[in-house]
Structures are given as C-alpha cells and as structure tokens.
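Observations on chain architecture
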Amino acid sequence: MDKPDISQLDDLFLEAAETERKLPAAIRKQKMSGWPDYPQSWKAYGYNEFQVRLPKATPQQVDNFDRALSLGIKHMDADDRRLVWAVAHSAAFRERGAKWDQIARMRGLRDGRQIKRRYMDALIRCYYDMKYHDEEEELLAAVF
C-alpha cells in the first residue's frame, strides 16, 4: 500500500480505530489481594456470564495503525483529524458504518449528511496533500 487512494484511506482509518480498541490499556490496573465476592448458594458455580473479549491486534494492524496516525498528523489539520477519528471510532465494529447523526449532534449540527460530506472532504484534502508532498520530494530528489 504505497500511495493509497481515498477509499483506501477510509479503510485505513476505520481499521486503525478498530486496532486502537484492540490494543492494551495505557494504564494497567493493579491487582489487589482478597477474594472476589460471590453468591453464597449451592448454584453459585458459573454465576457470571461469559464475556467475549476482543482479539489482540496483529503486527500488521499495529503497523497500519501507526501509518494512519502519521498520515493524520502530517497531512491533516486538527479539525480534520478530530472529525476523521470520531467517524472511524463511531464506525468501529459496526456493519452499518458510522453514526452520522450522532456525530452531527456532538458537533452542533442538525444533519448527518453535513458530517459525511465534511468527512469525505477531509479525506480528499489528505489525499491531495500527500500527493503534493510526494511530487515535491520527487522534484527535490531530481535536483540533488
């Protein structure tokens, strides 16, 4: 994935949001000594429901996460970064995609279509900024 197009950028940021949720917590919870509370009953065995956890992130997913972070920092301004990460986290682990109306209400807007349009505009600006800087680097390499 050398120079991604706009749909690949969208996929990259969505995968990065899912990977961020799979990573371990930044602050590790300390384990305390003591016995956990449990019901005093003859049917107490297995009283808790089984909780399914997310699988650990693969090295490729972590690399893509790092790439998405660096692309966001280098080629987006702060508002675009906030919007792109809000949409990506809203769409993480959902088949139906982002919650456009909820993000619009958080931003003080009425319609989710405005957020979707601004999100696509942010990805397009990122793509063309990447393209401009690649051409600039090629020109400098040709001169020197």
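Just above, that's the structure.
As a starting point, this report considers the structure included with it. Everything quoted here is computed from the prediction, not taken from an experiment. (Residues numbered from 1 in each chain as written. Predicted model: local features only at pLDDT ≥ 70, side-chain atom pairs only at ≥ 80, totals over all residues. Heavy atoms only, no water.)

Description of the overall build of the protein
- Assigned secondary structure in the protein consists of 5 helices and 0 strands.
- Along the protein, helices (α) and strands (β) appear in the sequence α-α-α-α-α when read from the amino end.
- Restricting the contact set of the protein to residue pairs at least 6 apart, pairs at least 24 apart contribute 71%.
- Of the roughly 11,700 Å² of accessible surface on the protein, 52% is carried by carbon and sulfur atoms. (Helix = DSSP H or I, 4+ residues; strand = E, 2+ residues; numbered from the N terminus. Contact = heavy atoms within 4.5 Å. Areas by Shrake-Rupley, 256 points an atom, 1.4 Å probe, with all protein chains shown as cover.)

Some thoughts on a positive patch on the surface
- Positive charge collects at one region of the surface, where Arg21, Arg94, Arg96 and Lys99 lie side by side.
- Relative to the helices and strands, Arg94 is located in the loop between α3 (78–91) and α4 (100–106).
- A relative accessible area of 31% places Arg94 in the partly exposed class. (Patch = residues over 30% accessible without salt bridge, like charges linked within 9 Å, V, L, I, M, F, W, Y side chains within 5 Å. Salt bridge = Lys/Arg side-chain N within 4 Å of Asp/Glu carboxyl O. Lys, Arg positive; Asp, Glu negative; His and termini not counted. Charge placed at Lys NZ, Arg CZ, Asp CG, Glu CD. Buried < 20%, exposed > 50% of the residue type's maximum accessible area, 1.4 Å probe, protein only.)

Some thoughts on the packing of helix α1 (residues 6–22) against α3
- Between α1 and α3, the shortest axis-to-axis distance is 8 Å and the interhelical angle comes to 65°. Classed by the angle they form, the pair α1 and α3 counts as roughly perpendicular. Taken as a pair, α1 and α3 cross one another with a handedness that is right-handed. Residue-level contacts link Phe13, Leu14, Ala16, Ala17, Glu20 and Arg21 of α1 to Val84, Trp85, Val87, Ala88, His89 and Ala91 of α3. (Axes fitted to C-alpha atoms, helices over the stretch in contact; angles between N-to-C directions. Parallel < 35°, antiparallel > 145°, perpendicular 65-115°, else oblique. Left-handed = near helix turned anticlockwise from the far one by under 90°.)

A few points about the nonpolar core
- With 25 residues, the main nonpolar core has Leu9, Phe13, Val84, Val87 and Leu123 as its most contacted residues.
- If you list the elements that add at least two residues to this core, you get α1, α2 (59–75), α3, α4 and α5 (112–143).
- Not counting residues within four places of it along the chain, the set of residues in contact with Leu9 comprises Pro4, Leu71, Leu123, Cys126, Tyr127 and Met130. (Core = buried A, V, L, I, M, F, W, Y, C linked by side-chain atoms within 4.5 Å.)

A short note on the environment of Gln8
- Relative to the helices and strands, Gln8 resides in helix α1.
- Gln8 gets classed as partly exposed once you look at its relative accessible area, which sits at 35%.
- The spacing of Gln8 and Leu123 is 115 residues in sequence and 10.0 Å in space, taken between C-alpha atoms.

Looking at the side chain of Asn64
- Looking at the secondary structure, you find Asn64 in helix α2.
- Residue Asn64 is classed as buried on the basis of its relative accessible area, which comes to 16%.

Re the packing of aromatic side chains
- Applying the stated rule across the entire model yields 4 aromatic pairs.
- Arranged with centres 5.7 Å apart and planes meeting at 90°, the rings of Phe13 and Trp85 form a pair that is edge-to-face. Residue Phe13 is found in helix α1, and its partner Trp85 is found in helix α3; the two are separated by 72 residues along the sequence.
- For Phe13, a relative accessible area of 0% puts it in the buried group.
- Seen from their ring centres, Phe65 and Trp85 are 6.4 Å apart, and the 75° between their planes marks the pair as edge-to-face. (Phe/Tyr/Trp six-rings, centres within 6.5 Å; stacked < 30°, edge-to-face > 60°.)

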